[in-house]
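Observations on chain architecture
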Number of protein chains: 6
Amino acid sequence: MKRLLITGAAGGLGRAMRPRLGKLAEIVRVSDIADLGAAAAHEEVVQCDLGDANAVDRLVEGCDAILHLGGISVEDKFSKILNANLLGLYNLYEAARAHGQPRILFASSNHTVGFYRQDQHIDTTAPMRPDGLYGVSKCFGEALARMYFEKFGQETALVRIGSCMERPSNHRMLSTWMSYDDFESMIDCVFRVPMLGCPIIWGISDNDSRWWDNSAAAFLGWRPKDNAERFRAELDVSLGRQAADSPLSVYQGGMFVRDPIFEDG
Amino acid sequence: MKRLLITGAAGGLGRAMRPRLGKLAEIVRVSDIADLGAAAAHEEVVQCDLGDANAVDRLVEGCDAILHLGGISVEDKFSKILNANLLGLYNLYEAARAHGQPRILFASSNHTVGFYRQDQHIDTTAPMRPDGLYGVSKCFGEALARMYFEKFGQETALVRIGSCMERPSNHRMLSTWMSYDDFESMIDCVFRVPMLGCPIIWGISDNDSRWWDNSAAAFLGWRPKDNAERFRAELDVSLGRQAADSPLSVYQGGMFVRDPIFEDG
Amino acid sequence: MKRLLITGAAGGLGRAMRPRLGKLAEIVRVSDIADLGAAAAHEEVVQCDLGDANAVDRLVEGCDAILHLGGISVEDKFSKILNANLLGLYNLYEAARAHGQPRILFASSNHTVGFYRQDQHIDTTAPMRPDGLYGVSKCFGEALARMYFEKFGQETALVRIGSCMERPSNHRMLSTWMSYDDFESMIDCVFRVPMLGCPIIWGISDNDSRWWDNSAAAFLGWRPKDNAERFRAELDVSLGRQAADSPLSVYQGGMFVRDPIFEDG
Amino acid sequence: MKRLLITGAAGGLGRAMRPRLGKLAEIVRVSDIADLGAAAAHEEVVQCDLGDANAVDRLVEGCDAILHLGGISVEDKFSKILNANLLGLYNLYEAARAHGQPRILFASSNHTVGFYRQDQHIDTTAPMRPDGLYGVSKCFGEALARMYFEKFGQETALVRIGSCMERPSNHRMLSTWMSYDDFESMIDCVFRVPMLGCPIIWGISDNDSRWWDNSAAAFLGWRPKDNAERFRAELDVSLGRQAADSPLSVYQGGMFVRDPIFEDG
Amino acid sequence: MKRLLITGAAGGLGRAMRPRLGKLAEIVRVSDIADLGAAAAHEEVVQCDLGDANAVDRLVEGCDAILHLGGISVEDKFSKILNANLLGLYNLYEAARAHGQPRILFASSNHTVGFYRQDQHIDTTAPMRPDGLYGVSKCFGEALARMYFEKFGQETALVRIGSCMERPSNHRMLSTWMSYDDFESMIDCVFRVPMLGCPIIWGISDNDSRWWDNSAAAFLGWRPKDNAERFRAELDVSLGRQAADSPLSVYQGGMFVRDPIFEDG
Amino acid sequence: MKRLLITGAAGGLGRAMRPRLGKLAEIVRVSDIADLGAAAAHEEVVQCDLGDANAVDRLVEGCDAILHLGGISVEDKFSKILNANLLGLYNLYEAARAHGQPRILFASSNHTVGFYRQDQHIDTTAPMRPDGLYGVSKCFGEALARMYFEKFGQETALVRIGSCMERPSNHRMLSTWMSYDDFESMIDCVFRVPMLGCPIIWGISDNDSRWWDNSAAAFLGWRPKDNAERFRAELDVSLGRQAADSPLSVYQGGMFVRDPIFEDG
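Looking at an unreviewed UniProt entry, one finds chain A named Uronate dehydrogenase and attributed to Pararhizobium capsulatum DSM 1112. Quoted verbatim from the Sequence similarities (unreviewed entry) field of the UniProt record, the comment on chain A reads "Belongs to the NAD(P)-dependent epimerase/dehydratase family."

Next comes the structure, spelled out in C-alpha cells:
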C-alpha cells in the first residue's frame, strides 16, 4: 500500500493505532478535527472537519485505503452527530467515489445492537436495535456503505467494535473487549484480502464470554488471539460484583441504553 | 381519536389520503412545506418545514396520532434528504417525546431493500439493502424509530410502502402496488390495535405477484383486499413487454438502483 | 369408527362438541368427573376421575379414538393440576398403550406459549413459554405424547386451542377464537388422515388477526372457514377500547400471565 | 412467442398440454421419441431421441422457448434413465446454449424429495432426498440447469410436478394433484415474466392438503385455482381408507420409495 | 455467597461435587432423602423428601443459591418420578419464591432430547424429544423453571447434563461426557454472572465428538477444558467395537430409548 | 477391517493416501483405470474401468469398506464424466448393494457449491450451486448416495474435498486446503464411527480462512489439526497479490466457474 488514510487519529482508538500503521503503508495520512501533534517520518498530518465536503475530498485524494475511526464516538447532541457521522460519512463516501474507491474500514459499533440482552447470542443478520443517537448514526453508516457497495462497488469492512482499549475497565467488557493487537491483525486482514465485499465484523477478541457470532467473517482469515478473561480477577477486586439490574449486566450496549439524548442548543 | 396529524399532505400520497382521514379523528391537522389549499371543516392546516425543530414541536403538540408521509420521497440531493428525512425525522420524534408520544405511522419504503432481486422472497428480518440516498434515509428512519421505541416506549408502524397510487403504471408495480383502499384500512388497523409495538409492515395489496412476506404483521388484523393483477392486460397493451434486463425487471427497487446521486450545490 | 371416547364432556367445550360427534362414530363414550346427564341413543356415559388408573384403563378399553378434553382447563391449585393433567394424562396414555393405541386428539393450549407478545409471529417450533401451572401441565402433556409417539408409535394431535367458544368475548379473542364448526372439521381431519404422526396444530379459525403459523399442519387438509373479525364491531360497542397495557393487549396468553398460583390446602 | 418446443409430447402429460399450447406461440414444435400423430395447423412434428446430440441440436434450433416434458418419467432401468434424463438433458442444454438460450420449463419431480414424510412441511431449500433412480436423475437435472444459469445465464423454471392429471387417483394425490388448468396458467407465468432466473416451483394446485411451501415462487404471479379436495368423497367411496402404513400414507414420494431398481440387461 | 444448598447430595453426581463446593459459599447445606454421612465443618446436613412441601420450604429458607441435583435420575416408575421430579420441583420453586428467589442450577438432562439421532447437530431451540418418563419429567422441569422466570423473575440455569462422571464408560459417552472439573467451573460461572436469565446449557466437556451447540450460552464465559477423546483407546480395548444398531450408536439418549416404563405397584 | 478398497489410487490424491492405508485394514485393494505399479505386501492391485459394471462388481466383492476417489476429478468432456462419474458411480453402488453394503467414503467436491462467493459462509444444507459438469456430476453422486442410504441403508460419507495436496499452491487454497494428515484422520473417523448415516463433510483443515461450517459433522469426532495459514508468507512471495476480480478471489470454486465445457468428439 502506498498511502493509508486514518481519520479520528486524535481520538482514543486513533492514538493507539497510529503508531502501528507504519507497517501497512509507505505513507500514513493522519487526520482529525483536533490537534494531531507532529508528523512522524512516514506521516502526513491533515486537520479536517468531516462535515466539510471540500476538505474531505482533498483528504481522501491519493489514498489507497481508509481506516475511518473519525466522527463522534459516544452519545452526544444530534447536531454534532449529524455533522460528523451523517453528513461527514456521506462526504467521505462521495470523496472515495471521486478518487478511485479506496477500500474502507468503517468503525461501526456494538451500539447498533445495544438493546439486545446479554443472554442473546446474535450474528450479523440480527435486525438493528440501536441504543441511542450514536448507535442510530452507525446504522445509517452501515446502510450508506452497503448502498455504495451495491451501487458503485465500493468495498467496506463494517467493524462493530466492542471495547477497543488497553484493558477492560468493567465486567461488561469481559465480553466486548478487543485488544489493540487483535484490532491490528484485523486491519491487516481487511486490507490484504483480495475481495472484501461489504461484510459486518464483530470487533472482539477471543474472549471466554461472547455474545456475537463472527463466523460469517471467517473468510477474512482473522483469528483473534487475546482473551479478556485474564483481567477478571483484578476487576473483581477493583470493582466488586456488578449489580444484576445494571444496564452493564443486562444489555449488550451497557450504559448507553440509559443515556439521555442531549438537546440541541 | 381527537386530533390526527398528517405530514406531507401536499404530496401525491398525502393528497390521496387526506379526504379519507375525516373518519379517523375529530380534527385532522394537515401539514406540508408546500401549499395545502383551504382547510375543510374538520381540518387544521399548518405549513411547516420538518427541518425546523421549533415548528415541528408546535406541529405535533396536541396530536393523538401522526401519519408521517412528509419528507423527500424520491432520490434527491443529499442536502435536501438530510434536512427533511434525517434532521426532520429527529425533530418529529423529539416533538413526539415532548408531547405524550402519540402513535406514529412512518412511511418507510421498499427502497430500504431495493437491491434484492425480484426472484428473492424476503421477510422483515432480511438485512437492509438500500438502493440510494433516499433508501438510506429510510433505513435511518427505521433505526431511529426502533431506538425511540426501545428507549422511550414510542410506538411506530414502519410501513415499507411499495407503490401506493391510483393504479400500477408499469409491470413492476404489479408486485408493489397498494391501493388507496388497502392503505386506508391499514391506517385504521395501525391506530386501533391496543398494543402496536414497532413492527415493519410491507405496504402492498393482495397481489398475485409478491416478493414480501407480511405474516409477521398479521397480529394487526390487516387483510388487504385489492389485487394489481386486474391491471395486467391493459399494461401489456399500453407498455408492451418489459425488457428482461431492465432494473424494473430485475431489482425490487426498480429504476432506483440506477439513479445517480445528485451533487450538492 | 366404532367407538370414540370423549373426556371432559361436561366441561364448556365438551358440552359444545358432544352433540356433533355422532357423525364420527357408531358409539360415543362420553366421560367426565362431573355429571353428564342422560345418554343419547348412540352414547355410553361413564363417570371417571382421570387420576384413577384403573378407572381410566376401563374407560379407554374398546375405543378406537380419543378426544381428550378432560382435566383442569384453567389456572388452579397445583394439587388439582397434578392429579388431572399430570397423573391423569399418564394414566390415559398407559391405558391407550394397553388397548391398541387408539389415536388421540389432545387438547393442549395456547398457554404453553402465553408469554410471547402479541406482536410476535411464531410457529410450532418456537420454544415453550408457559404462562402458569396450567400451561406448564400442557407442556408436560405435549412432551409425554411425543415420547409415547417415538417410543411406542402412539399417534396424537397436539391441538393448542386458542379460545373455542360460541363467539369471542373480548378483543384478544379476535386473534385466538376457533369456532365450533372449525373445531369439528379439524377433529374430522385428525381422525381421517391415514398417517397422523404427532403434530402440533394451532386451534384457531381463519381470523384476520393471527399470531400463529399453522403451515406445518397443512398436510391434514384442515382449512378453517370462520373469521372472528365479524364480531369486532359488537365488541367495540360492548367493551370499548382495550387498554394498551392490559395483558389482554400485550401477551398471547392474555390474563393468564397475571394469574396468581393457588397454594395447596 | 414465435416458436415453442414441447418435448415428451406423446406422454401422458404431453398429450394433455399439447392442445393448450396454441395460445402461447405462433408455432408449436411437438416432439417425442414415440409417435405423435398428425400435426395441427400451427404445429411442427419432430420425432427425436434425446440421447442423440445432433438430433437434439436440430430440434432446439429456432425455438424461443422450451417446455421440456421429455425423458423417462417413472422408475426404470438405469440405462434408459441415463440416456434420456442424463445424456438427454445435457444434449438439450448444449443445444440451447448453441441457439440463443431459449427459456426452459423443466419438468422436475416431487421424487427429488420423495423420502420426506407427509407430516413434514418443506420449502425449496430443503436438501434433496430422492426416492429412486428417476428422482436422482431429476436432482441431476436441477443441478445441471442451475449450473447453466450461473455459468451462462440460461434461465429455467424447475417445476417439481406433483401429480398432473385429469383427477387424483388416490388419496395421496389430494396433496400432490395439479390440474391441467393450473399447469397451463403456470406455463403462461413462466414464459411471460421478464426475468425468470432459475426458481424451483412446486407443481400443485391450491389443495387443502399441502406439504410444500411455494412462497419463494410468488414473484411469478402464479396463483393456482383448483383444489383436489372436491375429489375426496369419491375416492373414499371407490378406494376406501388408505392403509396407515402404506408408503402412499407415509412418504411424499408414495410408492416410489418401495420401487425396486431395475437391473440393466 | 453465604449459604449454598445442594440437593441430591447422596447421589453419584452429588457425592462427586460435594467436596468441591466449599470454595463457593461459607456454608453448604447438603441435602438428600438418603443418608448423607457426617457434616464437614462448613456444612449443614438436612435429610429431606422433595415431595414434602413443608420440608422443602424449610430446606430452602436462608439459602442464596441452589444446586438442584435431587430427584430421580434414571428411568423409573411414574409414581416415584411424580413425587420427586414433578411435585418435588414444584415444591422447590414455591419455596424459592417464598424465600427471596435464590438462583437455581437445575440438573436437567440430555434425555429431554434423547430421540434425536447422533448424526443430528442441535442447539437449545430444538423441540423436545424425550426418551422416557424421566426425560418427560425434565421437560416439565424446564417448562416450570421458564414459567417462574417469566412470571416471577426467578433465575435458573437449565443444565442438560450429558454424562457427568469420573470417566466415560462406553463409546457414546465420548460425546456426552462432562468432567467434574468442567462441571465445577460451570457452576462457578452460573453463580457469578450478574444476570443469568433462564438459559439452557449443554453439560458436556470440550469433546472431539459433539452433537450439541452451546454457543447460546457463551455469555456465561464457561469454556470447558476436558476432552473425552483421551479415553477412546482404553474403551476400544475394554469394550471392543460398539454395535452399529445399538441405541448407544444411534440415539443421543442411548439405551434410554429402549427402557421399558415400569408399572406402578 | 479385513479388506479396504481404494479407487482412483493412481490419481494425485490416491497416490498420496495409498501408503497411509495399511494401518486401516489387513488388505488394501488398490484400483484405478491407469497403471498402479507393483503391489505392496498388504495390497491387491486391480485395474478397472468404473464404467464396466461387471468389473466393478468383482472389484467390490469381498471388501468391508470403500474409499472412492475414482472417476474424473476435474472439468472434462461430458462423455468422460458420464462414463466415470455417473455410470461409474451407479455401478459402484449396485456392486455395494450386491455385496453386503460396505461403508463408502465418497470424494465429492467443493465444486458442488462453487458459485457461492467467498464472502458467503455456508453449511451443508445450502442449496447446490455447481460450477461445471464435474461439479454437477458430484451433485448427482451425493443424490445417488442419499437415495441408496434411505432406500437400502447404504452408509456413505459425502466428503466435499477442498484442495487436498502437499501444500496450498495459491491464495484461494488458504481457505480450501486439507492436509494429508487431516484427511487420513478423517478417513479413520469415518470408518470407526458405529453409525455413520450419510453425512456431508467439508474436507478442509483447521484453516484461519474458512467458508464452510462443519459443525453438522462433529458427531464423527474429527478435529483437523493443520492450518494453511503457515503457507501464506511464501505464497505472497512466490505469487504476489491475487487479483481482486479473479475467480480465485471471488468464487468458492475458483477458476472452475470460468472453465469452458469441452465439446464431445
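Next, the rest of the story.
Things to note about the overall build of chain A
Of regular secondary structure, chain A possesses 8 helices and 9 strands. Taking 265 residues into account, the globule formula puts the C-alpha radius of gyration at 18 Å, and chain A, at 18 Å, falls close to it. Expressed as lengths along the three principal axes of its C-alpha atoms, the size of chain A is roughly 50 × 45 × 40 Å. Taking contacts inside chain A between residues at least 6 apart in sequence as the whole, the part at least 24 apart equals 67%. Just so you have it, chain A exposes about 9100 Å², and 51% of that area is on carbon and sulfur atoms.

Focus: the interface of chain B and chain A
Contacts between the two partners involve 34 residues from chain B and, on the opposite side, 35 residues from chain A. Summing both sides of the interface, chain B and chain A together bury roughly 2800 Å²; the carbon and sulfur share of this comes to 70%. Counting the contacts that link chain B with chain A gives 2 salt bridges. For glutamate 150 of chain A, the salt bridge is made with arginine 129 of chain B, and the minimal N-O distance between the two is 2.7 Å.

So, the packing of aromatic side chains
Counted under the stated rule, the structure contains 57 aromatic pairs over all chains. Centroid distance tyrosine 93 of chain A to tyrosine 148 of chain A: 5.3 Å. Interplanar angle 40°. Geometry classified as tilted. With tyrosine 93 of chain A in helix 3 (residues 78–98) and tyrosine 148 of chain A in helix 4 (residues 133–152), this residue pair connects regions lying 55 residues apart in the sequence. A residue is classified by how much of its surface remains accessible, and tyrosine 148 of chain A, at 1% relative accessible area, is buried. With a centroid separation of 5.4 Å and 90° between ring planes, the pair formed by tryptophan 211 of chain F and tryptophan 212 of chain F is classed as edge-to-face. There is no split in this pair, since tryptophan 211 of chain F and tryptophan 212 of chain F are both buried. Lying across the ring of tryptophan 202 of chain B, arginine 160 of chain B places its NZ or CZ 5.1 Å from the centre. Geometry around tyrosine 116 of chain F places arginine 129 of chain F over its ring, the cationic atom sitting 4.6 Å from the centre.

Focus: the pattern of salt bridges
Under the defined criterion, the tally for this structure stands at 123 salt bridges over all chains. Salt-bridge contacts for arginine 117 of chain B lead to aspartate 119 of chain B; the nearest nitrogen and oxygen are separated by 3.5 Å. Note that arginine 146 of chain F and glutamate 150 of chain F form a salt bridge whose closest N and O atoms lie 3.1 Å from each other. On the criterion of helical spacing, the pair formed by arginine 146 of chain F and glutamate 150 of chain F is a turn pair, its members being 4 residues apart in helix 4 (residues 133–152). Within the structure, one salt-bridge network assembled from shared partners comprises Arg20, Lys23, Asp181 and Glu184 of chain A.

Here's the deal with the interface of chain E and chain C
Facing 34 residues of chain E, the contacting portion of chain C comprises 34 residues. With both sides pooled, the region where chain E packs onto chain C buries about 2800 Å², and carbon together with sulfur makes up 70% of that total. Viewed at the interface, chain C and chain E are joined by 2 salt bridges. Mapped onto the side of chain E that touches chain C, the elements with two or more residues apiece are helix 3 (78–98) and helix 4 (133–152) of chain E. Here the residues of the side of chain E that touches chain C are counted per class, giving 22 nonpolar, 2 polar and 10 charged.

Describing unusual backbone geometry
Its identity as a non-glycine residue notwithstanding, glutamine 101 of chain B has a phi of 55°, on the positive side. Among the residues examined, glutamine 101 of chain B registers a relative accessible area of 26% and is labelled partly exposed.

Remarks on the sheet that holds strand 6 (residues 156–161) of chain F
All names here are of chain F. Pairing in this open sheet of 7 strands is parallel, and the strands run 3-2-1-4-5-6-9 from one edge to the other. The sheet is open, and its two borders are formed by strand 3 (43–47) and strand 9 (200–203), each paired with just one other strand. For this sheet, the mean angle separating the axes of adjacent strands, direction not counted, is 20°. In the sheet, strand 1 (residues 3–7) pairs with strand 2 (residues 27–32) via 4 bridges, with the strands oriented parallel. Its bridge partner being in strand 2, isoleucine 6 is matched across the sheet by valine 30. Along the sheet face, helix 2 (residues 53–60) touches strand 1, strand 2, strand 3 and strand 4 (65–68) and points at about 165° away from the line of strand 2. This element, helix 6 (residues 180–192), spans strand 1, strand 4, strand 5 (103–109), strand 6 and strand 9 of the sheet and lies at about 140° to strand 5.

A few points about the packing of helix 2 of chain F against helix 3 (residues 78–98) of chain F
Residue and element names in this part refer to chain F. Where helix 2 contacts helix 3, the axes come no closer than 8 Å and their chain directions differ by 45°. Relative to helix 3, the element helix 2 is oriented oblique. The interaxial crossing formed by helix 2 with helix 3 has right-handed handedness. On helix 3, the residues touching Ala53, Val56, Asp57 and Val60 of helix 2 are Asn91, Leu92, Ala95, Ala96 and Ala98.

Some details on the relation of the copies chain B and chain A
The transform that puts chain B on chain A rotates by 180° and translates by 0.0 Å along the axis, for an RMSD of 0.0 Å. Both copies are brought into coincidence by an operation consistent with a two-fold rotation axis. Ranked by how close their C-alpha atoms come to the rotation axis, the residues of chain B are headed by phenylalanine 140 of chain B, at 2.5 Å. When the interface residues of chain B are mapped onto chain A, 100% of them again lie at the interface, so the same face is used by both copies.

Some remarks on the environment of aspartate 208 of chain B
Here aspartate 208 of chain B is to be found in the loop between strand 9 (200–203) and helix 7 (232–239). A relative accessible area of 8% means that aspartate 208 of chain B is categorised as buried. Residues aspartate 208 of chain B and alanine 228 of chain B, spaced 20 residues apart in sequence, show a C-alpha to C-alpha distance of 7.4 Å. Once residues within four sequence positions are removed from consideration, aspartate 208 of chain B is found in contact with Asn227 and Glu229 of chain B together with Ala218, Gly221 and Arg223 of chain D.

Observations regarding the environment of isoleucine 122 of chain D
All names here are of chain D. Structurally, the position occupied by isoleucine 122 is in the loop between strand 5 (103–109) and helix 4 (133–152). For the pair isoleucine 122 and glycine 8, spaced 114 residues apart in the sequence, the C-alpha separation amounts to 29 Å. Apart from the residues within four sequence positions on either side, isoleucine 122 is in contact with Val113, Tyr116, Trp202, Trp211, Trp212, Asp213 and Gln252.

Some words on the UniProt feature "domain: NAD-dependent epimerase/dehydratase" (unreviewed entry) in chain A
Here the UniProt feature "domain: NAD-dependent epimerase/dehydratase" (unreviewed entry) sits at residues 5–162 of chain A. Each end of residues 5–162 of chain A is marked by a C-alpha atom, and these two atoms are 22 Å apart; helix forms 35% of the span and strand 20%.

Comments concerning the relation of the copies chain E and chain C
Under the fitted operation, chain E is carried onto chain C by 0.0 Å of movement along the axis and a turn of 180°, and the coordinates agree to an RMSD of 0.0 Å. A shared interface surface links the copies, since 100% of the contact residues of chain E are contact residues in chain C too.

Some details on the confidence of the model for chain A
Should pLDDT be low for a region, the predicted coordinates there are not to be read in detail. Within chain A, residue pLDDT values average 96, and 98% of them lie at 70 or more. Across the interfaces of the predicted complex, the ipTM metric reaches 0.97, alongside a pTM of 0.97.

Looking at the pairing of strand 9 (residues 200–203) of chain A
Residue and element names in this part refer to chain A. Side chains of strand 9 alternate between two faces, with Ile200 and Trp202 and Ile201 and Gly203 buried alike. The pairing of strand 6 (residues 156–161) with strand 9 spans 4 bridges and is classified as parallel. Looking at the pairing, arginine 160 lines up with tryptophan 202 of strand 9.

A short note on helix 2 (residues 53–60) of chain A
Residues and elements named next belong to chain A. Every buried residue of helix 2 is accounted for by Ala55, Val56, Leu59 and Val60. End-on, the buried residues of helix 2 take up no more than an arc of 130°, which puts them together on one face. Residues of helix 2 that are exposed and angled more than 90 degrees away from the buried face: Asn54 and Arg58. Where helix 2 is buried, its residues touch strand 1 (3–7), strand 2 (27–32), strand 3 (43–47), strand 4 (65–68) and helix 3. Backbone nitrogen of asparagine 54 and a side-chain oxygen of the N-cap are separated by 3.1 Å at the start of helix 2; the cap is aspartate 52. Positive backbone phi, approximately 90°, marks glycine 62, located one or two places after helix 2.

About the thresholds
- Residues numbered from 1 in each chain as written.
- Chains lettered and ligands numbered in written order.
- Predicted model: local features only at pLDDT ≥ 70, side-chain atom pairs only at ≥ 80, totals over all residues.
- Heavy atoms only, no water.
- UniProt positions renumbered as here; feature names shortened; annotations may be inferred.
- Helix = DSSP H or I, 4+ residues; strand = E, 2+ residues; numbered from the N terminus.
- Rg over C-alpha atoms; globule rule 2.2 N^0.38 Å.
- Contact = heavy atoms within 4.5 Å.
- Areas by Shrake-Rupley, 256 points an atom, 1.4 Å probe, with all protein chains shown as cover.
- Buried area = accessible area lost by both parts, 1.4 Å probe.
- Salt bridge = Lys/Arg side-chain N within 4 Å of Asp/Glu carboxyl O.
- Phe/Tyr/Trp six-rings, centres within 6.5 Å; stacked < 30°, edge-to-face > 60°.
- Buried < 20%, exposed > 50% of the residue type's maximum accessible area, 1.4 Å probe, protein only.
- Lys NZ or Arg CZ within 6 Å of the ring centre and 35° of its normal.
- Nonpolar A, V, L, I, M, F, W, Y, C, P; charged D, E, K, R; others polar.
- Pairing = 2+ DSSP bridges.
- Axes fitted to C-alpha atoms, helices over the stretch in contact; angles between N-to-C directions.
- Parallel < 35°, antiparallel > 145°, perpendicular 65-115°, else oblique.
- Left-handed = near helix turned anticlockwise from the far one by under 90°.
- Least-squares fit on C-alpha atoms with pLDDT ≥ 70 in both.
- pLDDT = per-residue confidence, 0-100.
- Arc of directions from axis to C-beta.
- Polar contact = N/O pair within 3.5 Å; in protein donor to acceptor, adjacent residues only side chain to side chain.

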